[in-house]
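Observations on the three-dimensional arrangement
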Amino acid sequence: MVTVAAVGVAVNLAATWVMARAGRDSINVKGAFAHIVTDLYAFIGTLIAGIVIIITGFERADSIASLIVVGLMLHAAWGLLRETGRILLEAAPEGYEPGDIITAITSQPGVASVHDVHVWLITSGFPALSAHVLVRPPADCHQARRELEQLLCERFGLDHTTLQVDHAPDDLLAIGDGTS
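Scope of this entry: the structure provided in the associated data block. (Residues numbered from 1 in each chain as written. Predicted model: local features only at pLDDT ≥ 70, side-chain atom pairs only at ≥ 80, totals over all residues. Heavy atoms only, no water.)

Scanning the entire structure with this criterion turns up 0 aromatic pairs. The ring of Trp17 carries the charged tip of Arg21 above its face, separated from the ring centre by 4.6 Å. (Phe/Tyr/Trp six-rings, centres within 6.5 Å; stacked < 30°, edge-to-face > 60°. Lys NZ or Arg CZ within 6 Å of the ring centre and 35° of its normal.)

Core analysis: the largest hydrophobic core is formed by 21 residues, its most contacted members being Ile101, Ile105, Leu129, Val133, Leu152 and Leu163. When residues of this core are traced back to their parent elements, those giving at least two are α4 (98-106), β1 (111-123), β2 (126-135), α5 (141-156) and β3 (160-167). It is α5 that contributes the most residues to this core, 6 residues altogether. Not counting the four nearest positions on each side in its chain, Ile105 is found in contact with Val111, Val114, Val133, Leu148, Leu151 and Leu152. (Core = buried A, V, L, I, M, F, W, Y, C linked by side-chain atoms within 4.5 Å. Buried < 20%, exposed > 50% of the residue type's maximum accessible area, 1.4 Å probe, protein only. Helix = DSSP H or I, 4+ residues; strand = E, 2+ residues; numbered from the N terminus. Contact = heavy atoms within 4.5 Å.)

A complete count under the given rule lists 2 salt bridges for this structure. Linking Arg145 and Glu149 is a salt bridge whose minimum nitrogen-to-oxygen distance equals 3.1 Å. Taken together, the residues Arg145 and Glu149, both in helix α5 and 4 residues apart, mark about one turn of the helix. (Salt bridge = Lys/Arg side-chain N within 4 Å of Asp/Glu carboxyl O.)

Written out as structure tokens, the structure is:
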């Protein structure tokens, strides 16, 4: 048990060293790194448990080491589950407030309104936005789209945007309180 665990520690240390040099922007790389590190924890726990069993005869050391490793695995898994859950649910990425993005868009010259705004993660580190923007005549829809794309890229880091830009009708429909 001690010999196999020692070999496992050596192999996983080498793999961890190689993986540690890789960028962890991708959730796939994060997951692979977490897997290697938790394997390393398991082999270290097995090595320690084996030594304790040899020295003291306390056979439950292996079970205790296993429980500790399970706790470390759950800790590593929680962050990955939270991030993949945001992607799966198409939730707004952390640090992206749709309200701030809407305010930035509507504060641009010529923009009358924006609606159907969606901000989500396509995959880890790859946020996307889609929106329907109405501009006041005589604004050029194509120029407005280019300027908004530049604003979204520079201010919010949104490189992947789909903007439908149209001219606003002369009178936008407004819902009032019925007193007029």
